[in-house]
Each structure stands twice: as C-alpha cells, then as structure tokens.
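Chain residues, written in single-letter form:
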Amino acid sequence: MPTTSLPWTRHHILSLADFTTAEYDTVLRTAASFREVLSRRTKKVPTLQGQVVANLFFEPSTRTRSSFELAAKRLSADTLNFATATSSMTKGETILDTAKTYLAMGCDIMVIRHQQAGVPNAIAAEMDRLGTRVSVLNAGDGQHEHPSQGLLDLFTIASLIDSDNPRLELLKGKKIAIVGDIVHSRVARSNIWSLIASGAEVHLAAPPTLLPQLFAEYVSDEQREVSCPPLPTPNSPLPTPQLFVHWQLEPALRDADFVMTLRLQKERMTANLLPSLREYHQMFGITREALRLCKSNVKVLHPGPVNRGVEISSDLMDDPEFSLIQAQVTSGVAVRMALLYLIGSGKV
Amino acid sequence: MPTTSLPWTRHHILSLADFTTAEYDTVLRTAASFREVLSRRTKKVPTLQGQVVANLFFEPSTRTRSSFELAAKRLSADTLNFATATSSMTKGETILDTAKTYLAMGCDIMVIRHQQAGVPNAIAAEMDRLGTRVSVLNAGDGQHEHPSQGLLDLFTIASLIDSDNPRLELLKGKKIAIVGDIVHSRVARSNIWSLIASGAEVHLAAPPTLLPQLFAEYVSDEQREVSCPPLPTPNSPLPTPQLFVHWQLEPALRDADFVMTLRLQKERMTANLLPSLREYHQMFGITREALRLCKSNVKVLHPGPVNRGVEISSDLMDDPEFSLIQAQVTSGVAVRMALLYLIGSGKV
Amino acid sequence: MPTTSLPWTRHHILSLADFTTAEYDTVLRTAASFREVLSRRTKKVPTLQGQVVANLFFEPSTRTRSSFELAAKRLSADTLNFATATSSMTKGETILDTAKTYLAMGCDIMVIRHQQAGVPNAIAAEMDRLGTRVSVLNAGDGQHEHPSQGLLDLFTIASLIDSDNPRLELLKGKKIAIVGDIVHSRVARSNIWSLIASGAEVHLAAPPTLLPQLFAEYVSDEQREVSCPPLPTPNSPLPTPQLFVHWQLEPALRDADFVMTLRLQKERMTANLLPSLREYHQMFGITREALRLCKSNVKVLHPGPVNRGVEISSDLMDDPEFSLIQAQVTSGVAVRMALLYLIGSGKV
C-alpha cells in the first residue's frame, strides 16, 4: 500500500489538461504500488473501508463501470451502481439533483459518465459550491475527456519501459501515433494532454471528416492534395511543436514507438462521415503490414471495446508481441485504485 | 448503535395506518442513533452481518433502492438487487413465486416496491402463512403507502424541532400542508397517518381532480363555488378533526409550519386531470410568494424526484433557509437503517 | 466448512457428461457441509475472500444469477454483475473479448449464461489457451447444459433419501420421470447425465415435437400408434438400458419415485410445436390425479420459474407433501457454494 505522504491536493479528477508532472508521477507510482497489491494472495486493502463510491453511469458502459467497481471493492469501499435505464432520469429530475441526492445519502466519491461533455465538471462545481467534501471522477463525458483512460494508457506505456519505476519522463522523445476517429474521441483528448506533457511526439492520423477542425489546418499541403479539396491555410502556429496532424496513416506510423488506435463507432458511417468499414480498414486499420513502418518493437494500444477487422486486424489484436490491449485493462484496475485512493484517502 | 432493549415487536413494515406512538418514537430514537453512527469516521456497524436484504423492485426506482441498499450495506448486510427489466417476470412467474424463490435462497428481509397496491402485504401474508421469519418492508406500493418515506419525513421534521431527541409529540399542534397530487400519492397517504398520529393539523390542498373522492366531500361550500361545479354535500363528519381539505392553496398555507409538496407526474396531464403544468404551477406551485402566507420559519419538504418549476419554484428548492429536501434524503438512510435494524436484529 | 483434502482436480464446470462418481460425491458432500454453514447464526465463511466472481449473464436470469451471487457473497468473494442490456455487446465486441476483459481485470471465476450452446466451453478453452488460472462455470448455455441445476436436483433428491450423507448411489434403481419440453431443455440434458450415472432408471415423457429426434426412435410402436403417424423404425439400440422414452405421460409416471417436470416456454406454441397450453396441461401436466400412478411417496421437482397450471397444477406446486420446488432453490445456494469452493479454493 502506498505511503500516505504523497504530494496530492487535487480533489476532483475531471481532465488531464492541467495535470502537473508531479501529479502524473504520483499517479504512476501509486498505481505501481497497487499493481503489487494485486499480485498478492489477498488482493484487498482496507484503505477506503466505510466510504461509499457511487458509479453514476448516465451512459451505459460495462468495461469502465466494472473496472471502477472492482477498484473500489479492492479498496474495501462500498459501491452503489446507478444506470440510466432504471433511474429517475425518466422522471424528469435534473442531473444535478440526482447528484445531490447521492450527496445527501452520504456518498464520498462519485464516478460519473455522461454522454454530454461537461457534466462531471458541473457536478464537481456544484459539490464545491455547496461546501461538500465529495470528489468527482470523470469516467468519460461526451467527446471531452476520459482522464482515467489517459492515465492507464500512460501507466501501461511507462510500465513497459520501466516496470519498477514508471514515470512521465520515460516517454520523452517517443513517437506515438493516435489513429482513427479523433474528433469524437474523449480518449484521444485525454491522451494528447498526457503525452504532450511527457515530452513525447504525438502524431494524429485520421480521415479529414474524423479530425477536429482545429487540427485540420495543421495538415501539410502535400497531404491535402492527396486526400481532399483544399481547406483554408493555417493562420496560427501549431499549439505545440510536439503535435503533428495527418490525413494519412503512413507518416504517423513511420518509426513510431507506440500506436494508439481508437474505436470506430459504426454510427459514424450512417452519418456519412465514412465511405465503408472496409475502406476505413484499408486506409486506417492497423495491420502487421502497416506496422512494418514503425520501430521493430512497436506496441499497439486500443481503449476497447474493439471492432476486430476495422480499427485493427484480428490476429494483431491477439498477438502478445504487439498488443498491449489486455495490459491496458489490467492497468485500468490499478490506476483506478490509485485515483480513488488519492482523492479518497484524505477523507477518512 | 442502539441498545437492544427497544420495545419493538412488529415483524413487517407495510403501512403506517396502525403504528403506535411507541413505535413512531422507537423509529425516531433509533434513527437518531444511526445518524450519530453516520457522522463517525467509520460509518458501518456489524449489526446485520451475515443477513441478506433483497431489494425486489418490480417498479424501477433509483433513489429509494440506493437508499435501502446503502442502509443495508452500512449495517454490514449482504444485498441482492432485483429489477424487473432483467427478471423472470417476463417469463410468466407469479410475484408470490418470485418472493418464495428469494425466501428459499435464504433472504432475511425483502424490501419490495410494486406498481400495484397490496403486493407487499400479500407477500408478507404468504411469508407468515409459510411459517417463515422473513420480514417484508414496503418500499412503495401503487397508490397505497410508502411508510419509510412517511417515517423519514417525520424524522426530518421532528429532528428540526429537537435534534437530540426527536419524538412524535413535537409535532403536536403544528400546521402542516400537503399540496399537490394527493389522489395518486402513496407518500401523502403514509404522511397523513403519521401526522394525524402526532397531533398535527393536516391541511390537504389539491385541484378537485387530484383529491380522493373520499376527501372531496369535506371541502367547504365557499371553495366549491370558486373552483368547480357543486358536488354532493358532505353527508358524514370528517374522520378526524385534525384533517382539513381544500381546493385552493391559500387556506392550506396560511400560518403553516411545514409544507409538503408532492411530485406531479406529467402523465396526469395527458389523462386530462390537469390543464397545463404552467397553470398547475400558478395555482398550486410552492414559491417564495406563496410562502408569505405561512409562518415566517416555514420549511418545505418534497419526496423527490422534483420537477423544478412545477411543484416548487427552482430557487426555493435550493434555498437552505426553506428547503428540507436534502435533509430528507439524508434522513432516509438513517431511518432505513433503523427500520432494517428493528425488524432484522431479532433474527440473528 | 469442508476439509481441504477433497479429491478435486476439475478446473471448469461446463457439463455433467464426463463427471465421475467421485466428483458427484464430492459435490454432494461439500454441498452438505455448506448446508450446515447456512443453518448457522453467521452464514458466511471467509473461504474466497479477495477473489472475484464475475456473473456474465448474456441471457437475462434473476433466479440463477441471484443464487450464484449469494453463494459467492457467502464465501466472502467480491462479485461483479454483467447484464447484456447495459453491456458493450451492443457495441460489437465479441464474447471472447468481453471475457478476456474480465480476465485482464483480475476475475478469478466467471459464471456464464448464454443463449447459445457452447459459449462457456469456448471461453474456458480460451482461458486455458492463454495459460490463465481462471475457472469457468456454465450457468446455462442454449439447449446444451445447465450443470449446477443438474447437481442441485441431484443434491435435493439424495438429501431427501439420506440427509446426513447424500451420495450418488442412493438413487440407484429409483425410477425418475422427466416430463415436458425435453428437446429445448438444458436442464433435462444435465439431469439425464447425472441420473444415468447414479444408476437410476430415467423415463422421458414428451409430445413428439418436444423430444429430440435422437430419442424419438426409441419410442415403442404401441405408443406411436396412439400418438402420431409412424416414424422411421429404430435402427440402433438405446444408448443405455436405463433410459426410456415415451410419447405419453402414463408409462413414465407408473411407479415413479421422482417426477421432474420442465418449464414450457410459451414461445413454443407460437412455433406450432403445441396445440394449446390447456391441451398440453391435460396431456402432460402434473396433477394430483396423474401422481396416483406413481409411488405413494413420490416427489415432484421443477427447475423454475413455473407456469402454474401448465406444467404442474397450482395446488400441487404448493403442497409440501409432494413438491420439492422450494427445496431445490435452497439446495441451489449450497450446491453453488460447493462448486465455487471446489474450483476456487485451489487458487488462493
């Protein structure tokens, strides 16, 4: 179990945008401690005994909810699960009122997922305005952020480089490609923040329709000619010299150390953002063939759930030489234990 | 934790209709003990360890189910949740057979919500007929009763008057208005029983279409003329001189100590029981303006979930000077711990 | 609590087809130990503390899920529930990938129900291929098997004969009728394996449309004439001299010691496999009248949930002189504790 003298003052975890190096390193170190706990015979610690973690999932999710639930149970917290299907939401109550109900019941930590960006922030602000000690943990809000996913990806990569002592600086200078539906991805947004902070070189690759307009202007002229009609010329410098944007897969993968591929939601196709899943796979799918462009020891990440044969070829996903996908899920429990511990242990 | 020498013999909690003063006071005193437990660092007690509380919610509810689940967990009971969506109900099993299945599994307490009045009573009767020791707790049945809500409202009011020693007699002589959709409200029904028992003066205010016919005949002639075409004249005395019935808000609020406003289900409008939500709010909505008729230290209660701007104005709901709505939710956990403790502690 | 020197090496419980006498007896003996635990004041044992049991129910079920959940909690395991309605299944993830996600999170035992036969086997094979120590427990797969139901039926019968020392050989020579929708019944399949293994004489009775074709050829010519147009004559001997097949109820019930009636899914009727529920009840429903053909101390079993008045008459179901239905549910918790214990206790 981690020592209690960690330099941690953050009360809510809503976004990685303003995370400091010290905070990243504290999360990584704490998660490493919990990974050690999880390797023991008895995988539970009494850290949060008597505390209540409410999983308020206004948007359904098995994977993330189970991961947080398990993390909370392994810290000996009690958990309450809320799913929209059986909720008062259908009765016209506002989201803030639902959150305040769980506050009044005595919940200590609220883990919140919502289809709209900003809901966890709004609930956190309300909890603070009311002078409560409740912490809010953003488990994915619309197309905004998914900070625990960003942190578990970071932990997975840093642990691969130095398992005993994962820390932010290990990623410095690494080339990391993020491929796929970036415009709709809260995972990509959280990852961009942490990777830039680490000093990595981040290359985004996506079809123009799946890239944020903000980034589109940074695509090089050469690529524009190939892929689509000209867009307005860039009129501002890239926000950071570490971020590169591509409309094609190749330049992103070339000599990459890590490739993060994103889930493609099939609804995008019906919205005419994509020609077909097959064509998407041909252009942006991660395959053994495509990986030849990367460093020889390249590793692939995916936040799951995976559409096999769309974002990534099926055999590659299962190849332990390349795939970190299972390691990400395992990291998820340790990282979420770390987050619940860091925001929760000050309460008791 | 409460002492074990409480004068409690009731095995099921189905209705407040026959609650005695001693029972009300035992619940209030026990809930006050648990409120003290909930203020401690470690909010759990081992009272019901090894017992199983099954939440059988045939009608979905987040708020009440979470409150009971948390109460059970804080007493260290194991909980099982049943929700209709994923149940055998779709397979044609009868409700009694479902309950008997949970009995045979070894459940000790069944917390039951059902859209039909009388289901918890029927299950309790069956449990007794079979000679079991299983207790049934009515968590809301149709338009019949919601006793734990009535008790938590009572606890909230009594605690406001004397936090250290909440007891039934504290409400004696208080004027309490219950406003809104009384005919469909199981909350109103449970509250009327407890408030009459306390010696309070209860004033019901609702549009004629949302008042039980039983009560309609007690509306004064003066009000009839104002509000709607004449109804048959009263032919029997009011069941108690403490109960008053109004078709208008004003006489109910005048000099009131407490105002209980009820949830208005929007379905009522489509059933032509109401002209519009806006008109309802104008006539029966609780606002700062309306509260000027009450005593200056009046407090407002609502069982939740609230339709802001319909039953109550949004700013009033959030005003801690007037609103007891959050306090009700907090009381709910303590009162439900008390109820589970009182019916459960005799079993182990 | 059972002693730890039990002769148990099986890692997954997927089917009763290859269960040995020693394994049946170990399950029966272990379940009897847990039944004793369940009769104590404190019904929990710390056996699986720190282990995680994931209930992956791709097909909804209240009864079986609650039974496994309660068994796991009474062994002090942590539980995770997965229900299809709120799962990533809707997001296109494969079943194996879902299982691997729970593996990566650190689950120790997966209890799996799926509408397709073979899913638990496939997941178990994948867990082994990956070199994991995760155990899979089949909680019902399509029309294939439901081994924990077969074992709890066995335990219920054996305990009735010798409560202190339930064992397989007690059923030797007993006549046991299995009546109803055999072709669609995973319960019947599991029961046939265990009953044949015990040396019981098993008589299947069903309308021709609800019997597996494999069995239909063993129906005697005499019955064929009565019930339906001639089918091809048998061309192979019955697989075991203990198994008898009937198109009518009477020969199955004559002098039977136990009658297992099966749930009739009403969907069968719309598929034209049955004329009407009333006619089915008249021909194959178990009633007091029908039981006169059996031994005088005959007992009736049903896996639940029951369609009262279809498979079995309503009064018979509730008659403790004949019905073992409640006893089956109670046995279920003890047997599932035994199974989780046997496959789980080697892990810690």
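As annotated in an unreviewed UniProt entry, chain A carries the name Aspartate carbamoyltransferase and is attributed to Cyanomargarita calcarea GSE-NOS-MK-12-04C. According to the UniProt record, the Sequence similarities (unreviewed entry) comment for chain A reads "Belongs to the aspartate/ornithine carbamoyltransferase superfamily. ATCase family." In UniProt, chain A has this text filed under Subunit (unreviewed entry): "Heterododecamer (2C3:3R2) of six catalytic PyrB chains organized as two trimers (C3), and six regulatory PyrI chains organized as three dimers (R2)."

Caption draft 1: Seen up close, the interface of chain C and chain A. Counting residues at the interface gives 21 residues for chain C and 25 residues for chain A. Counting only elements with at least two residues in the side of chain C that touches chain A, the list comes to β2 (78–83) and α3 (95–105) of chain C. The leading source of residues in the side of chain C that touches chain A is α3 of chain C, at five residues. Of the residues in the side of chain C that touches chain A, the class split is seven nonpolar, nine polar and five charged.

Caption draft 2: Here's a closer look at the nonpolar core. With 337 residues, the main nonpolar core has Met110 and Val179 of chain A, Met110 of chain B together with Met110 and Val179 of chain C as its most contacted residues. Beyond its immediate sequence surroundings of up to four residues, Met110 of chain A is in contact with Ala54, Leu56, Ala99, Tyr102, Ile123, Val134 and Val136 of chain A.

Caption draft 3: Region of interest: the relation of the copies chain A and chain B. For the pair chain A and chain B, the best superposition has an RMSD of 0.0 Å and corresponds to a rotation of 120° with a translation of 0.0 Å parallel to the axis. Taken together, the turn and the small shift mark the pair as related by a three-fold rotation axis. Mapped onto chain B, only 5% of the interface residues of chain A again fall at the interface, so the copies present different surfaces.

Caption draft 4: How the structure looks around the interface of chain A and chain B. Counting residues at the interface gives 21 residues for chain A, matched by 25 residues for chain B. Looking at the side of chain A that touches chain B, the elements that each hand over two or more residues are β2 (78–83) and α3 (95–105) of chain A. When residues in the side of chain A that touches chain B are grouped by element, the largest group, five residues, is from α3 of chain A. Here the residues of the side of chain A that touches chain B sort into seven nonpolar, nine polar and five charged.

Caption draft 5: Up close: the domain arrangement of chain A. Residues and elements named next belong to chain A. Split by domain assignment, chain A resolves into domain 1 (21–146 + 331–344) and domain 2 (149–328). Look at where the C-alpha atoms of domain 1 and domain 2 centre, and you get two points 27 Å apart. On the domain 2 side, the residues contacting the 18 residues of domain 1 number 23 residues. Residue contributions to the side of domain 1 that touches domain 2 peak at seven residues, all from helix α1 (residues 21–38). For the side of domain 1 that touches domain 2, the residue count by class is six nonpolar, eight polar and four charged.

Caption draft 6: Here's a closer look at the packing of α3 of chain C against helix α4 (residues 119–129) of chain C. Residues and elements named next belong to chain C. Look at α3 against α4: their axes get within 10 Å of each other, and the N-to-C directions meet at 50°. With respect to each other, α3 and α4 are oriented oblique. Here the hand of the crossing between α3 and α4 comes out right-handed. Residues Ile95, Leu96, Ala99 and Leu103 of α3 lie in contact with α4, whose contacting residues are Val119, Ala122, Ile123, Glu126 and Met127. When the residues that make up the contact of α3 with α4 are grouped by side-chain class, the tally is eight nonpolar, no polar and one charged.

Caption draft 7: Geometry of the confidence of the model for chain A. When pLDDT is averaged along chain A, the result is 89; 89% of the residues meet or exceed 70. With pTM at 0.92, the complex prediction returns an ipTM value of 0.90.

Caption draft 8: Representation of the environment of Leu274 of chain A. Mapped onto the secondary structure, Leu274 of chain A falls in the loop between α10 (267–270) and α11 (277–284). Along the chain, Leu274 of chain A and Thr209 of chain A lie 65 residues apart, while their C-alpha atoms are 7.7 Å from each other.

Caption draft 9: A look at the environment of Ile196 of chain A. All names here are of chain A. Along the chain, Ile196 turns up in helix α6 (residues 186–198). Given 16 C-beta atoms within 10 Å, Ile196 falls into the partly exposed group. Each C-alpha atom, one on Ile196 and one on Thr240, is 8.2 Å from the other, the two residues being 44 residues apart in sequence. Excluding anything up to four places from it in sequence, Ile196 contacts Val202, Thr240, Gln242 and Leu243.

Caption draft 10: Local environment of the sheet that holds strand β8 (residues 258–261) of chain B. All names here are of chain B. Across the sheet, five strands lie side by side as β7-β6-β5-β8-β9; this open sheet has parallel pairing. Two strands close off the open sheet at either side, each with one partner strand: β7 (243–246) and β9 (299–301). In this sheet, neighbouring strand axes are inclined to one another by 20° on average, regardless of whether the strands run parallel or antiparallel. Looking at chain direction, strand β6 (residues 201–205) and β7 are connected through four bridges and run parallel. What sits directly across from His203, in β7, is Phe244.

Caption draft 11: Seen up close, the sheet that holds strand β9 (residues 299–301) of chain C. All names here are of chain C. The strand order β7-β6-β5-β8-β9 describes an open sheet built from five strands, whose pairing is parallel. The strands lining the two open edges of the sheet, one partner per strand, are β7 (243–246) and β9. Taking the axes of each pair of neighbouring strands and ignoring which way they run, one obtains an average angle of 20° across the sheet. Alignment of strand β5 (residues 175–179) against strand β8 (residues 258–261), held across four bridges, turns out to be parallel. Counted as the bridge partner of Ile176 is Phe258 from β8.

Caption draft 12: Broad picture of the pairing of β2 of chain C. All names here are of chain C. Of all six residues in β2, six are buried, a share of seventy percent or more. Of the two faces of β2, the one carrying Asp78, Leu80 and Phe82 and the one carrying Thr79, Asn81 and Ala83 are both buried. Judged from the six bridges that link them, strand β1 (residues 52–57) and β2 form a sheet pairing that is parallel. What sits directly across from Val53, in β2, is Thr79. Note on the crossover from β1 through helix α2 (residues 63–74) to β2: the handedness is right-handed.

Caption draft 13: α6 of chain A, seen in detail. Residues and elements named next belong to chain A. Compared with an ideal rise of 1.5 Å per residue, which puts 13 residues at 18 Å, α6 spans 19 Å between its outermost C-alpha atoms and is within 8% of the ideal. Buried residues dominate α6, accounting for 12 of its 13 residues. If you check which residues of α6 are buried, you get Arg186, Val187, Ala188, Arg189, Ser190, Asn191, Ile192, Trp193, Ser194, Leu195, Ala197 and Ser198. Where α6 terminates, the next one or two residues include Gly199, which has phi positive at roughly 90°.

Caption draft 14: The relation of the copies chain C and chain A, seen in detail. Screw-axis analysis of chain C against chain A gives a translation of 0.0 Å along the axis, an RMSD of 0.0 Å, and a rotation angle of 120°. A share of only 5% of interface residues in chain C that are also interface residues in chain A marks the association as one of differing surfaces.

Definitions and limits used
- Residues numbered from 1 in each chain as written.
- Chains lettered and ligands numbered in written order.
- Predicted model: local features only at pLDDT ≥ 70, side-chain atom pairs only at ≥ 80, totals over all residues.
- UniProt positions renumbered as here; feature names shortened; annotations may be inferred.
- Contact = placed C-beta atoms within 7 Å.
- Helix = DSSP H or I, 4+ residues; strand = E, 2+ residues; numbered from the N terminus.
- Nonpolar A, V, L, I, M, F, W, Y, C, P; charged D, E, K, R; others polar.
- Core = buried A, V, L, I, M, F, W, Y, C linked by C-beta atoms within 7 Å.
- Buried ≥ 20, exposed ≤ 12 C-beta atoms within 10 Å, placed from the backbone.
- Least-squares fit on C-alpha atoms with pLDDT ≥ 70 in both.
- Domains from an automatic or database assignment.
- Axes fitted to C-alpha atoms, helices over the stretch in contact; angles between N-to-C directions.
- Parallel < 35°, antiparallel > 145°, perpendicular 65-115°, else oblique.
- Left-handed = near helix turned anticlockwise from the far one by under 90°.
- pLDDT = per-residue confidence, 0-100.
- Pairing = 2+ DSSP bridges.
- Right-handed = clockwise from strand over helix to strand, strands pointing away.
- Expected span 1.5 Å × (residues − 1).

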